[in-house]
Amino acid sequence: MELYLDTANIAEVERLARIFPLQGVTTNPSIVAANGESIWDVLPRLQNAVGKEGRLFAQVMSRSADGMVAEAQKLRECVPGLVVKIPVTFEGLAAIKQLTALGIPTLGTAVYSAAQGLLAALAGAEYVAPYVNRVDAQGGDGIRMVQELQALLELHAPDSKVLAASFKTPRQALDCLLAGCESITLPLDVAQQFLAAPAVDSAVVKFEEDWQKAFGRLSL
């Protein structure tokens, strides 16, 4: 599987890249805007933080297919190995088809239904990103949507991968992995919840107390 962080916080990426088995970083316009720095400054620094082998994702802003293609090419000039995120709209599908023909890898984003995600994959998107928690927030079933999308891609677009996104809890991410997703991207707080647990801290403290009593030190 592929594990990504969904952030533009360079310091946190550098910190967590030492700990987590990351394949790279995903961003979107809201994430970059919240960071307050120019995307053209942020992207090269993020690429440096994840290393030469890490994959970086960034999104276009244009609403037209031609504009998306032009912005995608500009993003690729900034970071040559970057995967371009394209919202799966009418114009977005046209852009994905054009970019696929140009050999530029894409991720179909803002996916709220399995049918929408399948169209992105059939258009040539390497990744498709269903918004799990946002679907739940609208009264839908995000995990079921991911299950359906995963099954559809296995049957009809096996060269595309589900990169599940929009999580509020580790449980949502795990359910996506159990559904067969090959990739997930986690916001910083959810990524840290995978390891942050009071019971784990208590167990480590107990080990230290017992060792200290027996040997008078906290080392082997």
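- The protein is annotated in an unreviewed UniProt entry as Transaldolase from Buttiauxella noackiae ATCC 51607.
- UniProt's Catalytic activity (unreviewed entry) comment on the protein is quoted here verbatim: "beta-D-fructose 6-phosphate = dihydroxyacetone + D-glyceraldehyde 3-phosphate".
- For the protein, the Sequence similarities (unreviewed entry) comment in UniProt is given as "Belongs to the transaldolase family. Type 3A subfamily."

1. Considering the packing of helix H5 (residues 90–101) against helix H6 (residues 114–123)
For any two helices packed against each other, the geometry is given by the interaxial angle and the distance between the axes.
Here's step 1: For the pair H5 and H6, the least separation of the axes is 8 Å and the interaxial angle reads 25°. Here H6 runs roughly parallel to H5, going by the angle between their axes. Regarding H5 and H6, the two cross each other, and that crossing is right-handed. Residue-level inspection shows Leu 93, Ile 96, Lys 97 and Thr 100 of H5 in contact with H6, the latter providing Leu 119, Ala 120 and Ala 123.
Here's step 2: The class makeup of the residues in the contact of H5 with H6 is five nonpolar, one polar and one charged.

2. A short note on the environment of Leu 75
Here's step 1: In this fold, Leu 75 is placed in helix H4 (residues 65–78).
Here's step 2: Accessibility expressed as a relative area gives 3% for Leu 75, which makes it buried.
Here's step 3: In this structure the C-alpha to C-alpha distance between Leu 75 and Ala 58, which are 17 residues apart in sequence, comes to 7.6 Å.
Here's step 4: Among all residues touching Leu 75, those that are not within four sequence positions of it are Ile 39, Trp 40, Leu 43, Ala 58, Gln 59, Val 60, Leu 82 and Val 84.

3. Some details on the side chain of Ser 62
Here's step 1: Take Ser 62: it is sitting in the loop between strand S3 (55–59) and H4.
Here's step 2: We classify Ser 62 as buried; its relative accessible area is 19%.

About the cut-offs
Residues numbered from 1 in each chain as written. Predicted model: local features only at pLDDT ≥ 70, side-chain atom pairs only at ≥ 80, totals over all residues. Heavy atoms only, no water. UniProt positions renumbered as here; feature names shortened; annotations may be inferred. Axes fitted to C-alpha atoms, helices over the stretch in contact; angles between N-to-C directions. Helix = DSSP H or I, 4+ residues; strand = E, 2+ residues; numbered from the N terminus. Parallel < 35°, antiparallel > 145°, perpendicular 65-115°, else oblique. Left-handed = near helix turned anticlockwise from the far one by under 90°. Contact = heavy atoms within 4.5 Å. Nonpolar A, V, L, I, M, F, W, Y, C, P; charged D, E, K, R; others polar. Buried < 20%, exposed > 50% of the residue type's maximum accessible area, 1.4 Å probe, protein only.

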